[in-house]
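# Secondary and tertiary structure notes
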Amino acid sequence: MEADGFVSPRSSLDSPAVDRRMTGSAAGTGFGILGGRLLGATGGFVGCFSPRMTGEQDFVSVLHRAAPEPSTSVEPEIDYEGLPQGAATSTHMLAGAVAGIMEHCLMYPIDCVKTRMQSLQPEPGARYRNVMDALRQIVRTEGVWRPIRGVNVLAVGAGPAHALYFACYEKIKFSLSDAIHPGTNSHFANGVAGCAATVLHDAIMNPAEVVKQRMQMFNSPYRGVLDCLGSLLRHEGPAAFYRSYTTQLTMNVPFQALHFMTYEYLQELLNPHRQYNPSSHVVSGALAGALAAATTTPLDVCKTLLNTQEAQAIHVIHAEAFRTVYRMGGVPAFFKGVQARVIYQMPSTAISWSVYEFFKYIITKRQYEKRLRGDGDK
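In what follows, the accompanying structure is described. (Residues numbered from 1 in each chain as written. Predicted model: local features only at pLDDT ≥ 70, side-chain atom pairs only at ≥ 80, totals over all residues. Heavy atoms only, no water.)

Here the focus is the overall build of the protein chain. Check the secondary structure of the protein chain and you find 11 helices and 5 strands. Looking at the 378 residues of the protein chain, the share that counts as buried comes to 49%. Partitioning the intrachain contacts of the protein chain with sequence separation of at least 6 by distance along the chain shows that 67% fall at a separation of at least 24. Surface exposure of the protein chain reaches about 18900 Å², of which carbon and sulfur atoms provide 61%. (Helix = DSSP H or I, 4+ residues; strand = E, 2+ residues; numbered from the N terminus. Buried < 20%, exposed > 50% of the residue type's maximum accessible area, 1.4 Å probe, protein only. Contact = heavy atoms within 4.5 Å. Areas by Shrake-Rupley, 256 points an atom, 1.4 Å probe, with all protein chains shown as cover.)

Here you go:
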């Protein structure tokens with residue numbers, strides 16, 4: 001008998017008369033042999049000895065679990081980070097689209113407040129002390145539906161934008177990580193993947209952002225989304241939808257790089273086995289969003305200025321956006337609405353990641369079960 005508990009191929013322990021305790025280095029394990037059967041310390045069946053091939057005299061052992069197994073089969077754990085071959089892209093896109101729509105729709109009232117609080121020269125009726133004061137004033141003076149005016153155009157843009165966003169991020173992240181450190185996570189790869197995904201995301205979202213922010217402003221002259229679209233095309237041309245694109249990329253590229261690197265780093269700490277863990281996704285998403293939002297607030301103020309074309313700033317709007325913001329409010333102007341931005345981004349990114357990971361897990365689980373059923377039918 002060898003030390004690892006397996007019988008040497010040349011042992012002749014197949015005789016039913018054999019009934020003795022194991023000796024040698026394996027004796028401490030408490031295994032016994034009875035009639036060619038390997039028994040545990042409690043007498044439970046552990047393994048048996050079976051011939052390699054019919055007609056051969058040599059035997060090998062087949063070692064089973066020492067603990068008694070339940071009658072029902074245990075379903076193997078699903079690795080939802082390693083998606084089924086050929087289904088990964090569609091899964092990421094579907095999960096990302098749902099996550100993006102839910103994130104933007106649920107947090108839209110706070111986004112409306114953020115846009116107004118970033119106004120460089122707000123009108124007297126749009127001066128707010130904080131986020132809750134802004135929401136109360138908007139509902140009291142403009143109606144209960146005013147904080148969600150324009151949410152429909154954002155939902156239309158968020159679906160395809162986030163579908164490409166997450167699919168691109170996951171594809172580049174895994175490809176680049178394998179090239180840099182095979183089998184491990186790379187923060188550099190996470191950052192690069194986030195930057196590349198942002199370029200696609202913003203290309204789709206920028207027109208929706210322009211319309212959304214025009215609708216959100218105090219005393220917005222537009223009757224609805226279609227009226228806003230038509231007015232922009234007639235008076236400012238198609239270029240108005242991408243006037244802030246470069247500024248938005250300047251803001252979102254560092255935002256998303258910092259966001260994704262922080263999220264993946266926190267996941268390594270809170271969820272090292274990278275299983276589906278809702279609490280870790282929520283906490284990691286919220287902290288990553290808060291850090292990235294606070295850091296990039298100055299760029300967000302410039303983007304809002306370019307998107308809304310405020311009347312008070314129209315005479316200097318063609319100058320560099322940073323210079324315009326500084327001339328109109330100094331350094332503090334770059335951090336207007338930072339509280340609303342952080343309050344918006346923390347639950348927003350938490351919702352986005354938790355919903356994305358949840359749907360990715362559910363979709364992958366169903367694909368996995370379908371694949372098992374297909375293999376079983378063969």
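Across all of its chains, the model carries 13 aromatic pairs by this definition. Centre to centre, the rings of Tyr165 and Phe166 are 5.1 Å apart; their planes meet at 75°, and the pair counts as edge-to-face. Both residues of the pair, Tyr165 and Phe166, belong to the buried class. Ring geometry for Phe166 versus Tyr356: centroids 4.0 Å apart, planes at 15°, classification stacked. With a gap of 190 residues between them, Phe166 in helix α4 (residues 151-180) and Tyr356 in helix α11 (residues 338-377) connect regions that are remote in the sequence. Pair check on accessibility: Phe166 and Tyr356 agree, each one buried. Pairwise contacts between aromatic rings join Tyr165, Phe166, Tyr169, Phe260, Tyr263, Trp353 and Tyr356 into one cluster. Above the plane of the ring of Phe174 lies Lys173, whose end atom (NZ or CZ) is 4.7 Å from the centre. (Phe/Tyr/Trp six-rings, centres within 6.5 Å; stacked < 30°, edge-to-face > 60°. Lys NZ or Arg CZ within 6 Å of the ring centre and 35° of its normal.)

Before going further, it helps to examine a nonpolar patch on the surface. Among the surface-exposed residues, Tyr265, Leu269, Leu270, Val283 and Leu287 lie close enough to one another that they form a single nonpolar patch of about 450 Å² accessible area. Contributing elements (two or more residues each) for the nonpolar patch: α7 (245-270) and α8 (278-295). For the nonpolar patch, the element with the most residues is α7, which contributes 3 residues. Note on placement: Leu270 falls in helix α7. Judged by its relative accessible area of 42%, Leu270 is partly exposed. (Patch = residues over 30% accessible without salt bridge, like charges linked within 9 Å, V, L, I, M, F, W, Y side chains within 5 Å. Salt bridge = Lys/Arg side-chain N within 4 Å of Asp/Glu carboxyl O.)

With that settled, consider helix α9 (residues 297-308). A rise of 1.5 Å per residue sets the reference length of α9, with its 12 residues, at 16 Å; its end C-alpha atoms lie 16 Å apart and thus fit the reference within 8%. Of all 12 residues that make up α9, 12 are buried, and the element is covered over most of its length. Along α9, the residues that are buried comprise Thr297, Pro298, Leu299, Asp300, Val301, Cys302, Lys303, Thr304, Leu305, Leu306, Asn307 and Thr308. (Expected span 1.5 Å × (residues − 1).)

It is worth stressing that arrangement in space is one thing and function is another; only the former is reported here.
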